[in-house]
Every structure is written in structure tokens, then in C-alpha cells.
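Listed here are the chains, written in short residue letters.
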Amino acid sequence: MELIITEKDNAARRIAEILSEGSASAERRNGVNVYRWGGKRVVGLSGHVVGVDFPPEYNDWRDVEPVELIDADVTKEATQENIVATLKHLARKAESAVIATDYDREGELIGKEAYELIRDVTDVPVSRVRFSSITEREVRGAFEDPDEIDFDLAAAGEARQIIDLVWGAALTRFLSLSARQLGDDFISVGRVQSPTLKLIVDREREIEAFDPEDYWEIFADLQKNGSGFEAQYFYDDDGSEAERIWDEAEAEAAYADLTSVDSATVTNVRRRTRTDSPPTPFNTTAFISAASSLGYSAQRAMSIAEELYTTGYMTYPRTDNTVYPDDLEEDALLDEFVGSPEFGEDAESLLEQDEIVATEGDEETTDHPPIHPTGEIPNKSELSEDEWEIFELVVRRFFATVAEAATWERLRVVSEAGGRSLKANGKRLVEPGYHAVYPYSSASENHVPDVEEGEELSISEVRLEDKQTQPPRRYGQSRLIETMEDLGLGTKATRHNTLEKLYDRGYIEGDPPRPTALANAVVEAAEDFADRVVSDEMTAQLERDMTRIANGEATLDEVADESREMLSQVFEELRNSSEEIGEHLQESLKADKTLGPCPQCGESMLVRRSRQGSYFVGCDGFPECRNTLPLPSSGEPLVLDEECEEHDMHHVKMLAGRDTFVHGCPRCEAEKADESEDEVIGPCPECRDGEGGELAIKHLRSGSRLVGCTRYPDCDYSLPLPRNGDIEVTDEFCEDHDLPELVIDPDSDDPWELGCPICNFEEYQARNAVQDLEDLNGVGSATAEKLEDAGVDSLDALREADADSIAGEVQGVSAGQVRDWQTELDA
DNA sequence: GCAAGGTC
């Protein structure tokens, strides 16, 4: 038997399909798919199935000096036990094995990891095949002419693993220990995250240091036969054209000259034709940028792309490549879209071109093809709105790359008035070219009428505008990812995760992201004592070293030892500064939790955590001052920059995944609750008989509202209400529950008919259950709804359910699948 | 529990 190993299940399935000519069947073993036909088996890994770590005696942060990690052993342990077990089981029965992981450095390392797992159980021959896209021709070609594993290239990857672990773990532990932050709130640093954070911190420093300068600009409206256009005053500044006037008196003088006359004489007209080339194929970074201009965060864009990839509508979303492979037949792919209600017309018009030639970008790599549609087209109703929008973007980008260039006509008109110069630049799209199929990039025109030299134009208005230079703009998420790519920080598959990590660690907040006080302190500490770890130079050096290892010019041990030596020097510097660094970090942590002055004693009000783990706002003067304010019970509080003017208190945001919301000023929220009175709406279903309990609309000091029993705390029956909006109690009654129907924001343009609060809560729970189920692997919205209908109304219900009876009840769901979900939930 | 890199 021959065993073929790929980097992921999806690749395993497609390779089996190609090599078996469709005859392969799938079986599951330990929850891992194995594809088989004849004497072949194909199994997909899940990226790295082993990971580097220190031996267990280094686990306790308090028992081990961080500096000891520098020379600690680094071991490899299985991280995906099921897959490792399946791989070994298959290897025992194999006569030969073929490594078919991705064709890039990390793929070579993943292949070598599989090789070592095979070697643990057998010494059968192991070969390596490489292909850049999973097409019939490439895959067959690769398997006809197998190669060997490139152990040097894999060693380059291992050097990266070791260096990242040792630097990251040692410095992370050092900072966390010095600031006494050992729980979930440790203080992390790393080769990629810290230089990325420094980009954000540096930009914020520039913004803070920015000193705006006043300047003036003058605009004039010119008229030709009733058709008006705008021209701008300019002057010669040492041979180049300048529009900004830095001196107020000079600006007034120019304005006076221009207003002293009522016409301008055209002195120069220049016409030019410009071609505007279509965009290049999408790699991950370009895709994220384009999705971001449609309003998607990097994380969201990638997760939708992942979904569209696994359902088969688009190619692999993690790629550096911007050149389509030779195998891609553009016209055949366009043909697939003919007849589609949304794309048919555009596809046909593209097919009418004399020649179909795709654009090419600068990056040509072997990893995967650029992102493009597969030709499989979903019905619009199968996808969510967001999924469809992203799918359409990918389709239209492909269309654009095979479309013709656009042509613009540019017209520049210079005129003189009162001894001063005015210019106007017009542009008109003559040939729309790719813009016709790709509406995302700007194609806005600016009309300037045709005029001749010597012509007189009347001036209808002159405006003197006073302006100020602006500070540099903050990086948005996609701009950050582009900059990371330029600097070589991270990879196509990790850059968006790095940003997410910076949010999770409390280093940045908002979009565009702004650094917290903690982030500033971490970057400052690193700049002072471990400059390399906040510099992109560390990655650049590592890349050079990895190239040397891959070329056989250096060994893994040499490179790793050299790096350990540098880290030892860093720790020499750090040794005596632990206290100083720790204090600074702690002050910053406190600053990030500070809301404003305590109205009772003048100390600061801080976000704190009770023994029970819930968050509240408490005075720093505790125990002398016992002033507190409550916070909502769900989510992690984040102190925003925005302040309440009445109380000098920062607003608070509660981070809770998709239920994140802005709580606002805790004092305002508490006062609102104090001023409101409970409004009784009907009987309490729990205790109406006997105790005669009633339900009322209540406002809590933590800012939330609910329908709860008037006998609270003797009866704790309650139903949630939305956080915001006026609540109207109507005179329509729900017959099942004897309760009035409620309307939120009745006077707004879009009132929300919430209905009976009990019915509403039941629907809400069902919806939540469906959403939770959809987050499980391989559960689409249809399956989730079927599960919910079958009584699986929460994740807990699924965890405790009997797999066989669910499989019997829900069509298209097997007991094995249910058991996989249960394993996933337990993990 | 630390990193960054795969993948879901």
C-alpha cells in the first residue's frame, strides 16, 4: 500500500479524486478522513500536527527564572493526537509513503514532521512531490516524477520555530513576572507581534508630536457658456508648482488680485490620454485590502473566504502568489459564468474580446494560485449577504484581471487673472475597460470644458480657504497588513491573526487601532532593553539566516546558538531593571483601567474585579472610600478614550464577541436606573398563583433592562430586554402569557415590534442556539436549524445528547458526525 | 499559561 500525506483534508480529497479518476472512497478513522482506492491511501494533516515546547519541568513561571529558558531543551510533541495516531497506523501498513504538503517552506517542515512520525514506526521509502496548484496536470506530473524531502529547507523552518519560542517565552515571562501579571493577563512579546505593535505606537507618537501649521488655499469658479468648473490658485516655488500659501498676508494679496478682475485668460491647454491598467490577481493581502474598503475587518474577510473555499466556490485564500498558473484557462472559467443571472452578461462581454490575457503581479510564488473563483457558482440564496458580497468581489476581481485597460482623457487648463495663475485638471473616462466589470475602484470624473488658448472665462466666485496641515493618519487594519507584508513581518496566513492577538492582549483598541497605555509601556521597555524584539530587523536577519540554512551554508544549530547568545546579552541588560520595568508596566495597566475622579473622595475610579470574577468600578481609595458603580454582567470591560462631560468619566465598552456593546458612562447608567420606576405589565408565570407575583419592566444600575418579578429576590424569574431604545407597552395582549406586546423605539423610522417578552425570549434562545451550532465544524445554517427543531436548543443539549438518536431524528446527520461535534465541544 | 506557524 502507498500512503500519500497532504497538508490538509481538502487537498487530500482533491488529490485522491484526481489520481483515482473519481473512484476513491472516503472512510473515517479517529475522526480523520482517509481516502482509498486500489493500493492507495491519502490522508490530510491539519497543518502542523506537532509543536515545539519546553520540557514540563519549565512549566511553572514562578519556579523558573526566564533566563533559564534560553538554554532549555526544545522538544516536539504531538498537538493533534488523532491525526498522529491515524498517520502512524496507516504508515505501519504502508510499503511506501509520499509527502504532498504545500510547496513552500512551512510545507516542507510539515512534510518533514510527517516523515519523522512515519520513521517512528517504519523505515519504508518516503518521497516528496511538489505542485503549485491542485490541477490534474500539475498533480499527475508531480507524482510521475517524485523528488526527495529538502531537509535543509525544513531545518530553516525549525530554526524559526526555536528562535521564536525561546525569545517569545523568555521575554514574555520576564515582563509578566516583573509586572506581577501571571493569570490570563500576561504581557506578551514576540518577533512579529511586537514590531507590529511598535508600528502603531510610533504612528501615535507622530500624531501626538504633530504641530499643525496654518496655510491658505484659493479656489475660483470659472464659467464657459454657463458651464462652470473649479480652478485653484498656484504659484512658482523654486521651479515647482505650489498651491499652499504659508503666509496670511501673501494669501490676502493673491485673493485681492483675483477678486479685482472678473475674468481669466486661458494661457495653456494640455490634453493627454492615459491608460489605466486593470488590477493584478488577488493574493491574501490584496484581497484583505479590497474587502476592507467594503467594510470588512481582516479577520471577517478571511473567515468568509475560508467558508467559500471549503464549500468549493473559491480557491485557497492563503497565498502570496499574484500570477495565475499556466493551467488556468481564463476563457473556460469565464464560460462557467455565462447564464448566471448576476454575472452572465459581464462574462459574455469579456468573452467577446479578441484576446483574453490576464494581468500579472510582481509576486510569483509556488505556494498556491492567486485567489480566484473555481467556476462553481452558488445560488445567491445559498449564501448570507456578506458571503455573497465577498464571493462577488472575488469573481469580479477575476473578471477585472482578464478585462481590457480603461482609457482616461485628461485636460489641464491654466489661466491668468489679475496677474495670478489658476489651474484646473479634468478627467473623463473614455473607455471604461475593466471598470465595467469591477465597480470597486474609483472611476469618478471631473468635468472641465473644452477651451482654447487665449479664451476669456468669467470668474463667478473666488474663495480663500484657511486650512491646517494634518497629522499623519492612523494605520487601518488593511494598511497595517500591507505594511507588515512590506517589512516581511508574519505570513499570509498569520498577519490578520496577529492583529487580533494585539486586540485580545489589551494592546490596541478601536478601528483604526490605537495603542493602550500598556502597549506604550511594553514598546518603551523593549526599546530600552531588547530593541531587536520590536524591530523588523530581527525578522530580516532571521530570513537571511534561514536562506543560509536552506542553501547549506549554515546549520540550524549555528543559527540557533547565535540567536541564544544575543538573547543572553539582552538578559544581561535586563537583569537589574526588572523592578523599574515592572513599576512602569503596572502604572500603565492602572492607567488603562482608570475612568475618572471619584465623586466622593477625589481619588480615581478604576475597573476592578470581584472575588466572584465579576467586574465593577471601584475607588482607588479603598478601603477608606467604598464608592462603587456596577458594570454589565456580560463581557470584558474596556475603557474607551471618549469621556462623559458631565462626570469626567471615560466610557466603557463591554467586549463579548458578537455581543460586544458600548456601555457608556457608568455613572450616567446608574443615575438613569435610580430615576426610573418599575412598570408592572402582568402576572409572573412562576409565582402568580399563591404569591401573586407580577412582572415589571426594571432598569438596573448596571445599565441593563429586564422584565422581572416584583417579588425579587424571593422570585428571580426574569426576561431580557434590549439595552437601548424607548420601550412602549401596547394594549395588544399575548393570549398564551397574559402579557402586553412591547415595541422598542415606537417613534423611530424603524420601530422594533418585540411582542410578548416571553415569546420573544423563547425565539431569542432558539436563534442563539442555531448560531452557536453554526460555529461548529461542518455545521451549515440548514443543519443547525434542523438540529434546533429536533430539540437541540443549546450547545449543552448537544453535548449531552445521544448521538444515535440524533442521527435517527435529523436527516443528513450521522452519529459519527455528532460524536465529532461532542469531541469538539469537550475540547 | 509564553511565540509564530500551520489549519477548521
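Residues numbered from 1 in each chain as written. Chains lettered and ligands numbered in written order. Predicted model: local features only at pLDDT ≥ 70, side-chain atom pairs only at ≥ 80, totals over all residues. Heavy atoms only, no water.

### Digging into the overall build of chain A
Argument step 1. A tally of regular secondary structure across chain A gives 24 helices and 31 strands.
Argument step 2. The principal-axis extents of the C-alpha atoms in chain A amount to approximately 90 × 80 × 70 Å.
Argument step 3. Counting contacts in chain A only where the partners sit at least 6 residues apart, residues at least 24 apart contribute 64% of the total.
Argument step 4. Carbon together with sulfur atoms contributes 41% to the accessible area of chain A, which is approximately 41300 Å² in total. (Helix = DSSP H or I, 4+ residues; strand = E, 2+ residues; numbered from the N terminus. Contact = heavy atoms within 4.5 Å. Areas by Shrake-Rupley, 256 points an atom, 1.4 Å probe, with all protein chains shown as cover.)

### Some points on the pairing of strand 15 (residues 456-468)
Argument step 1. Two elements, strand 9 (residues 214-224) and strand 15, share ten bridges in a ladder whose sense is antiparallel. If you follow Tyr-215 over to strand 15, its bridge partner there is Lys-467.
Argument step 2. In the sheet, strand 12 (residues 263-276) pairs with strand 15 via three bridges, with the strands oriented antiparallel. The residue of strand 15 that forms the bridge with Ser-263 is Ser-458. (Pairing = 2+ DSSP bridges.)

### A word on the side chain of Asn-627
Argument step 1. As for its placement among the helices and strands, Asn-627 is situated in the loop between strand 20 (615-619) and strand 21 (628-630).
Argument step 2. Engagement of the side chain of Asn-627 in a polar contact is seen with the side chain of Gln-600, the distance being 3.5 Å.
Argument step 3. Asn-627 has contacts with Cys-598, Pro-599, Gln-600, Met-605, Val-617, Gly-618 and Cys-619, leaving out every residue within four places of it along the chain. (Polar contact = N/O pair within 3.5 Å; in protein donor to acceptor, adjacent residues only side chain to side chain.)

### Here we look at the UniProt feature "site: Interaction with DNA" (unreviewed entry) in chain A
Argument step 1. Mapped onto the present numbering, the UniProt feature "site: Interaction with DNA" (unreviewed entry) falls on His-48, Arg-160, Asp-164, Arg-318 and Arg-505. For the annotated residues, spread through 458 residues, the largest C-alpha to C-alpha distance comes to 24.7 Å, inconsistent with a single compact locus.
Argument step 2. Here His-48 shows up in the loop between strand 4 (40-44) and strand 5 (50-53).
Argument step 3. If sequence neighbours within four positions are ignored, His-48 has contacts with Thr-79, Gln-80, Glu-106, Leu-109, Ile-110, Glu-113 and Gln-161.
Argument step 4. For Arg-318, the position within the fold is in the loop between helix 9 (298-310) and helix 10 (330-337).
Argument step 5. Setting aside chain neighbours within four positions, we find Arg-318 in contact with Thr-284, Met-302, Glu-306, Asp-367, His-368, Lys-492 and Ala-493.
Argument step 6. Side-chain polar atoms of Arg-318 contact the side chain of Glu-306, separated by 2.7 Å. (UniProt positions renumbered as here; feature names shortened; annotations may be inferred.)

### As for the side chain of Lys-112
Argument step 1. With respect to the helices and strands, the residue Lys-112 is situated in helix 3 (residues 105-119).
Argument step 2. Classification of Lys-112 as buried rests on a relative accessible area of 11%.
Argument step 3. What Lys-112 contacts, discounting residues up to four positions off in sequence, is Phe-151, Ala-154 and Glu-158. (Buried < 20%, exposed > 50% of the residue type's maximum accessible area, 1.4 Å probe, protein only.)

### Thoughts on helix 2 (residues 81-93)
Argument step 1. In this model helix 2 runs 19 Å from its N-terminal to its C-terminal C-alpha over 13 residues, within 8% of the 18 Å that 1.5 Å per residue would give.
Argument step 2. Turning to helix 2, its buried residues are Ile-83, Val-84, Thr-86, Leu-87, Leu-90 and Ala-91. Along the axis of helix 2, the buried residues cluster in a sector spanning 165°; they form a single face. For helix 2, the exposed residues set more than 90 degrees away from the buried face come down to Glu-81 and Arg-92.
Argument step 3. In this structure, the buried residues of helix 2 make contact with strand 1 (2-6), strand 2 (25-29), strand 3 (32-37), strand 4, strand 6 (75-78) and helix 3. (Expected span 1.5 Å × (residues − 1). Arc of directions from axis to C-beta.)

### Let's talk about the pattern of salt bridges
Argument step 1. In the structure shown here, the tally under the stated rule is 56 salt bridges.
Argument step 2. For Arg-140, the salt bridge identified is with Glu-21, shortest N-O distance 3.4 Å. Taken together, the residues Arg-140 in helix 4 (residues 136-144) and Glu-21 in the loop between helix 1 (9-19) and strand 2 connect sequence positions 119 residues apart.
Argument step 3. When the shortest N-O distance is used, the salt bridge between Arg-463 and Asp-221 registers 3.1 Å. With Arg-463 in strand 15 and Asp-221 in strand 9, this pair connects stretches of sequence that are 242 residues apart.
Argument step 4. Here the residues in one salt-bridge network are Glu-217, Asp-221, Glu-230, Glu-461, Arg-463, Glu-465 and Lys-467, joined through shared partners. (Salt bridge = Lys/Arg side-chain N within 4 Å of Asp/Glu carboxyl O.)

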